[in-house]
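# Fold and geometry: a report
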Amino acid sequence: MSEKLFWLLAAIAVAGIAAGFVPFSWYFLVTLLALLVTWYRRRIYVAIVMLPRDMRLIYRFGKLIWSNYVFDKNNTTLLTLFKERVEREPEKPCYYFGDKIWTVADVEEFSNRIANVFLAAGYRKGDVVGLFMGNCPEYVCIWLGLAKLGVITALVNNNLRSHPLIHSLNAANTKAVITSGELSAALQEVVGSLDFPLDQYQLGGELSEKNNVKNLSTLLESASTTPPDVETPGYKDRMLYIYTSGTTGLPKAAVMPHSRYLLITMAVKYLLALTPDDVMYNPLPMYHSAGGIIGTGPALVHGNPIVLRTKFSASSYWTDCIKYKCTIAQYIGEMCRYIMAVPRKPEDTRHHIRLMVGNGMRSTIWKDFVERFKIEQVTELYASTEGNVNILNIDNRIGAVGCMPQCVPQSLLPVGLVRVDPETNEPVRDRRGLCIRCEAGEPGMFVGLISSSNAIRDYHGYVDKKASSKKVLHDVFGKGDKAFLSGDILVMDKYGYLYFKDRTGDTFRWKGENVATAEVESVIINVIGLKDAAVYGVQVPDQEGRAGMAAIADPNKSLDFKNLAEYLDKTLPSYARPIFIRVLEEMDMTGTFKIKKNELQEDGFDPIRIKDKIYFRSGKDYVPLTSQLYQDILKGIVRI
């Protein structure tokens, strides 16, 4: 509303009252209402338009909040709910794995055997056991059995080797580790380097007697199948340690109590509108929360069968969904791009998938993906294992990772975007010392207010208390409050939809401008097809900021550099266009299909140090970066 219009309406109001056209009170109220509607017309319009979406979201979150309130009040745990499942439908399929079906009773029996084996070995509540195995139903049964004793299971990434594996075992203070036959050699390589004694248990495969490894298969054969006679863990007791993916630095062990496991599992039910007939497809690694909680919990708590797979296969994705009659399927990271790269076949649309849930689907392929595979609903979500900022996209908005209701004031919401300094990524504060909420279209860091009395707002952090404290921001929207720092930059549009922009560590400055690597990656992937690409900043001597560099996986050597340069010129400002390009055979990924940028960034652009081919942006094209050209850049002879 313009200032002129405001004063015009005010003058009309005063004149009307003075002339006595209508009673003062009625005229005043009508005029005031007209002024408010005019002043907030855009906000009112958005609130009305988005009301159906917001009411669905509020209703579902309301059910989620209530269920966890009841769990807290009754000290309910995963063990409580699974026991009810065992009593109600013991013969119902719980997990499908290959051609084998694990019923609810099978899971109960195996987990009880595990519990009794470790109870006899002297393990008690609070002890930590590492689980270093690949995907299989036994994986769930092992940590479930240990949970019956109150023993915490650290879900160690089975792709780790050497120092990262040692670090993960150290970080969780593990007393023992359970591994499989195929991973025993990797474990043996690091056991001698640990600073503490470690009991070793091996399930399957040949054992090496000289390493004092216990045969878990043999121990299980003679173990009791009845529940262990111990004190039952409580709602807030720790159950799992789940590690961060380690894309930047070594993994950190995040704390997962029963309360948070139930929160996530109930969110699957209410926010995804899970039905009793749904069957879920889970090809994700079970050492992370997506595959290990979202992809296991519904079977234990809600009775929805889940299909487990040893590892993700793009070519088998739809074939598996058809075989097991799945209705819900999971994805993560770049998985959808790999599925799109598979040649078209009839199975693409013969499945019964009504909903796909995950995070990391790029907006550049979203529309083509749902059209090709006839997917009715894609529920993109944003969450962190250790944090309390959890949102999701419930109405197919392309590219959105979630939304914030527009029918209530943003100040009443426990999550929000706060303005940060582009140089330091530190929150910008007002004269009162409080953070400033971002306006629509303004990028900001996503934060969630912390409240220990609310499972949705609680923050459990990491085993490392110092690392936990670094993720907490104080005096956020009011003096004395505190919030979880996600470390991610998001942006909200005028309708309340939230879009991922970049991680604070990934954004870099060049030529006085901020470059969001995620945006540049999307542009590059759009022109190079379905290849992997990572964008990051590298330091150049005597240059302020970091120069843009892109690593592209091009095993077939089919990259058209001139076409790429032309497209970048058309779609990106000059400061955001990558100056260097590194071509790799394949990209080094985490188990959840996240590119490991840290190592790439540390390598820089030295053609002597790096064996991969590197190209330099020269004029309208990219040219090979020779040793001489590299030296000329360092000396400032060639300006960038």
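Our subject is the structure listed above.
From a predicted model like this one, the values you see are computed outputs, not experimental measurements.

### Observations concerning the side chain of Asp348
- Inspection of the secondary structure assignment puts Asp348 in the loop between helix H15 (335-341) and strand S13 (355-359).
- Among the residues examined, Asp348 registers a relative accessible area of 5% and is labelled buried.
- Once residues lying within four places of it in the same chain are set aside, the contact partners of Asp348 are Trp318, Arg372 and Phe373.

### Overview of the sheet that holds strand S15 (residues 391-392)
- Taken together, the eight strands give an open sheet; going across it, the order is S2-S1-S11-S10-S12-S13-S14-S15, and neighbouring strands pair in mixed fashion. In this open sheet, the two edge strands, each paired with only one partner strand, are strand S2 (100-103) and S15.

### Things to note about helix H5 (residues 78-88)
- Buried residues of H5: Leu78, Leu79, Leu81, Phe82, Arg85 and Val86, and no others. All buried residues of H5 lie within an arc of 165 degrees about the axis, which places them on one face of the element. Opposite the buried face of H5, at more than 90 degrees from it, the exposed residues are Lys83, Glu87 and Arg88.
- Here H5 starts with a cap whose side-chain oxygen sits 3.2 Å from the backbone nitrogen of Leu79, and that cap is Thr77.

### Quick look at the pattern of salt bridges
- The tally for this structure, following the rule as stated, stands at 24 salt bridges.
- Between Lys323 and Asp99 there is a salt bridge; the shortest N-O distance is 3.2 Å. Placement of the pair is Lys323 in helix H14 (residues 317-323) and Asp99 in the loop between strand S1 (93-97) and S2, with a sequence separation of 224 residues.
- Overall, Asp99 belongs to the exposed group, its relative accessible area being 74%.
- Asp278 is the salt-bridge partner of Arg354, the closest N and O atoms lying 2.7 Å from each other. With Arg354 in the loop between H15 and S13 and Asp278 in the loop between helix H11 (258-271) and strand S10 (280-282), the pair connects residues that are 76 residues apart, well separated along the chain.
- Among the charged side chains, a network of salt bridges with common partners joins Arg582, Asp603, Arg609 and Asp612.

### Structural notes on the sheet that holds strand S27 (residues 613-618)
- Strand order in the open sheet formed by five strands is S24-S25-S26-S27-S28, with mixed pairing between adjacent strands. If you trace the sheet from one side to the other, it starts and ends with strand S24 (533-538) and strand S28 (621-624), each paired once. In this sheet, adjacent strand axes meet at a mean angle of 30 degrees when their direction is disregarded.
- Note that strand S25 (residues 547-553) and strand S26 (residues 580-584) share five bridges and pair parallel. By the bridge assignment for S26, Met549 is matched with Phe580.
- On top of the sheet, helix H18 (residues 517-528) reaches S24 and S25; it is set at about 135 degrees to S24, its chief contact.

### Let's talk about the nonpolar core
- Ranked by size, the top nonpolar core spans 83 residues in total, and within it Tyr95, Phe118, Trp143, Ile178 and Leu300 carry the most contacts.
- The element contributing the most residues to this core is H11, with nine residues.
- Not counting residues within four places of it along the chain, the set of residues in contact with Phe118 comprises Tyr123, Leu146, Leu149, Ile178, Tyr201 and Leu216.
- Among the nonpolar cores identified, the runner-up in size contains 80 residues, and Trp318, Ile375, Tyr536 and Tyr630 belong to it.

### Regarding the environment of Val140
- Structurally, Val140 can be placed in helix H7 (residues 137-147).
- Taking the relative accessible area as the measure of exposure, Val140 reaches 0% and is therefore buried.
- Separated by 221 residues in sequence, Val140 and Met361 have C-alpha atoms that sit 27 Å apart.
- Not counting the four nearest positions on each side in its chain, Val140 is found in contact with Tyr95, Met286, Thr296 and Leu300.

### Quick word on a nonpolar patch on the surface
- Residues Leu51, Met55 and Ile58 make up a contiguous nonpolar surface patch of about 240 Å² in total accessible area.
- Within the secondary structure, Ile58 is located in helix H4 (residues 51-74).

### Topic: the packing of helix H6 (residues 104-120) against H7
- Across the interface, H6 lies against H7 with an axial gap of 7 Å and an inter-helix angle of 50 degrees. In terms of their interaxial angle, H6 and H7 are classed as oblique. Where H6 crosses over H7, the two elements pack in a sense that is right-handed. Two secondary-structure elements touch here, H6 through Val107, Phe110, Ser111, Ile114, Ala115 and Phe118 and H7 through Glu138, Cys141, Ile142, Leu144, Gly145 and Leu146.
- Here the contact of H6 with H7 is built from residues that sort into nine nonpolar, two polar and one charged.

### Looking at the environment of Ile48
- Assignment of secondary structure puts Ile48 in helix H3 (residues 41-49).
- C-alpha separation for the pair Ile48 and Arg437, spaced 389 residues apart in sequence, amounts to 23 Å.

### Observations regarding the packing of aromatic side chains
- If you walk through the whole model with that rule in mind, you get 18 aromatic pairs.
- Taking 5.0 Å as the distance between ring centres and 35 degrees as the angle between the ring planes, the aromatic pair formed by Trp318 and Phe373 counts as tilted. Of this pair, Trp318 sits in helix H14 while Phe373 sits in helix H16 (residues 363-373), placing them 55 residues apart in sequence. As far as the burial class goes, Trp318 and Phe373 line up, both buried.
- By the ring-pair criterion, three or more aromatic residues cluster together here, those being Tyr281, Phe312, Tyr317, Trp318, Phe369 and Phe373.
- The positively charged end of Arg53 is found above the aromatic ring belonging to Tyr497, 4.6 Å away from the centroid.
- A cation sits over an aromatic face here: Arg437 above Phe477, 3.8 Å from the ring centre.

### With respect to the pairing of strand S20 (residues 482-492)
- Along S20, ten of the eleven residues are buried, which leaves the element largely enclosed by surrounding structure.
- Sheet analysis places strand S18 (residues 444-449) next to S20, joined by five bridges and oriented antiparallel. Bridge assignment links Gly448 to a residue of S20, and that residue is Phe484.
- Looking at chain direction, strand S19 (residues 472-474) and S20 are connected through three bridges and run antiparallel. Its bridge partner lying in S20, Leu473 is registered against Ala483.
- The pairing of S20 with strand S21 (residues 497-503) spans five bridges and is antiparallel. Residue Met492 lies in a different strand from S21, and its bridge partner there is Leu498.

Rules and cut-offs
Residues numbered from 1 in each chain as written. Predicted model: local features only at pLDDT ≥ 70, side-chain atom pairs only at ≥ 80, totals over all residues. Heavy atoms only, no water. Helix = DSSP H or I, 4+ residues; strand = E, 2+ residues; numbered from the N terminus. Buried < 20%, exposed > 50% of the residue type's maximum accessible area, 1.4 Å probe, protein only. Contact = heavy atoms within 4.5 Å. Pairing = 2+ DSSP bridges. Arc of directions from axis to C-beta. Polar contact = N/O pair within 3.5 Å; in protein donor to acceptor, adjacent residues only side chain to side chain. Salt bridge = Lys/Arg side-chain N within 4 Å of Asp/Glu carboxyl O. Axes fitted to C-alpha atoms, helices over the stretch in contact; angles between N-to-C directions. Core = buried A, V, L, I, M, F, W, Y, C linked by side-chain atoms within 4.5 Å. Patch = residues over 30% accessible without salt bridge, like charges linked within 9 Å, V, L, I, M, F, W, Y side chains within 5 Å. Areas by Shrake-Rupley, 256 points an atom, 1.4 Å probe, with all protein chains shown as cover. Parallel < 35°, antiparallel > 145°, perpendicular 65-115°, else oblique. Left-handed = near helix turned anticlockwise from the far one by under 90°. Nonpolar A, V, L, I, M, F, W, Y, C, P; charged D, E, K, R; others polar. Phe/Tyr/Trp six-rings, centres within 6.5 Å; stacked < 30°, edge-to-face > 60°. Lys NZ or Arg CZ within 6 Å of the ring centre and 35° of its normal.

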